[in-house]
Every structure is written in C-alpha cells, then in structure tokens.
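# Understanding the architecture of this molecule
The primary structure of each chain is shown beneath.
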Amino acid sequence: MDHELTEDEQRTLEAAAFRRLVSHLQQRTDVQNIDMMNLAGFCRNCLSNWYLEAAKERDIDLSKEASRERVYGMPYAEWKAKHQSEATAEQREAFKTSHPHSH
C-alpha cells in the first residue's frame, strides 16, 4: 500500500525530480531549445522563467541571469555560444505551426 506523503515529503521529492530534470537538460546539450518547444511546448528558457517566477512569488531576490544559470549550468550567453545552433527552416516552420500565438 502506498504511503500518503506529507507536504514536506512531497516538496522533497519534487525538488529532487526538478534537480534531476535540470541535470538531464544540462547533459543533453545536443537537444536544442527550439526542438523542445516544438515537441513539448517548453524549453530551458521556460524552466528558468518558471524558477524566476517562483522566486518572485516568495519575495526572493533573483535575477533572470541567475535563474538561467541555475537551469543551464553556466551563464546563458556561454551556453548559447557553446551549444546553440541556428534553427533550420524546418524547425522555424514547426515552431510557427505549434506556437501560432507567438507571432
């Protein structure tokens, strides 16, 4: 029979799952943000924005740059220079189709 989680246990497990997701995304530098957006509807930038929003909701002083560094594992500009490639025409078209509200 499953144990009913306390709020603290649930928070602990959610935090561990979040850390694992972030670690996974930091290791999978071959996966481009545009592909994540096209397939899953979110990317590393979304995750860092959610992290920043959570900080603001709790009156925690955190910059956008710091939240991105937490998710990317390095400054965003450095990650882009090392790992981000130019989006292909197919990727851009797929993004237009999957995110028509983004225009």
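Before any of the text, the structure's been laid out above.
The following paragraphs examine the structure supplied in this document. The shown structure was predicted, so the numbers you read here are calculated from the model rather than taken from an experiment.

### Some remarks on the environment of Leu-62
Relative to the helices and strands, Leu-62 is located in the loop between helix H3 (44–57) and helix H4 (64–72). Sequence separation of Leu-62 and Leu-52 is 10 residues, and the distance between their C-alpha atoms is 6.7 Å. Sequence-distant contacts of Leu-62, defined by excluding residues within four places in its chain, comprise Tyr-51, Leu-52, Ala-55 and Ser-67.

### Comments concerning unusual backbone geometry
Generally, phi is negative for residues other than glycine and the peptide bonds are trans, each holding for most cases. In this structure, Asp-59 takes a positive phi of about 55° despite not being glycine. Considering the arrangement of structural elements, one finds Asp-59 in the loop between H3 and H4.

### A word on the side chain of Gln-91
Note on placement: Gln-91 falls in helix H6 (residues 89–98). At 3.0 Å, the side chain of Gln-91 forms a polar contact with the side chain of Asp-35. Residues within four places of Gln-91 in sequence aside, it is in contact with Ile-34, Asp-35, Asn-38 and Glu-86.

### Focus on the packing of helix H1 (residues 7–27) against H4
Running from amino to carboxyl end, H1 crosses H4 at an angle of 80°, the nearest separation of the two axes being 8 Å. Comparing their axes, H4 and H1 come out roughly perpendicular. Touching Phe-18, Arg-19, Val-22 and Gln-26 of H1 are Arg-70, Val-71 and Tyr-72, all from H4. Residue classes in the contact of H1 with H4 are distributed as four nonpolar, one polar and two charged.

Procedures and definitions
Residues numbered from 1 in each chain as written. Predicted model: local features only at pLDDT ≥ 70, side-chain atom pairs only at ≥ 80, totals over all residues. Heavy atoms only, no water. Helix = DSSP H or I, 4+ residues; strand = E, 2+ residues; numbered from the N terminus. Contact = heavy atoms within 4.5 Å. Polar contact = N/O pair within 3.5 Å; in protein donor to acceptor, adjacent residues only side chain to side chain. Axes fitted to C-alpha atoms, helices over the stretch in contact; angles between N-to-C directions. Parallel < 35°, antiparallel > 145°, perpendicular 65-115°, else oblique. Nonpolar A, V, L, I, M, F, W, Y, C, P; charged D, E, K, R; others polar.

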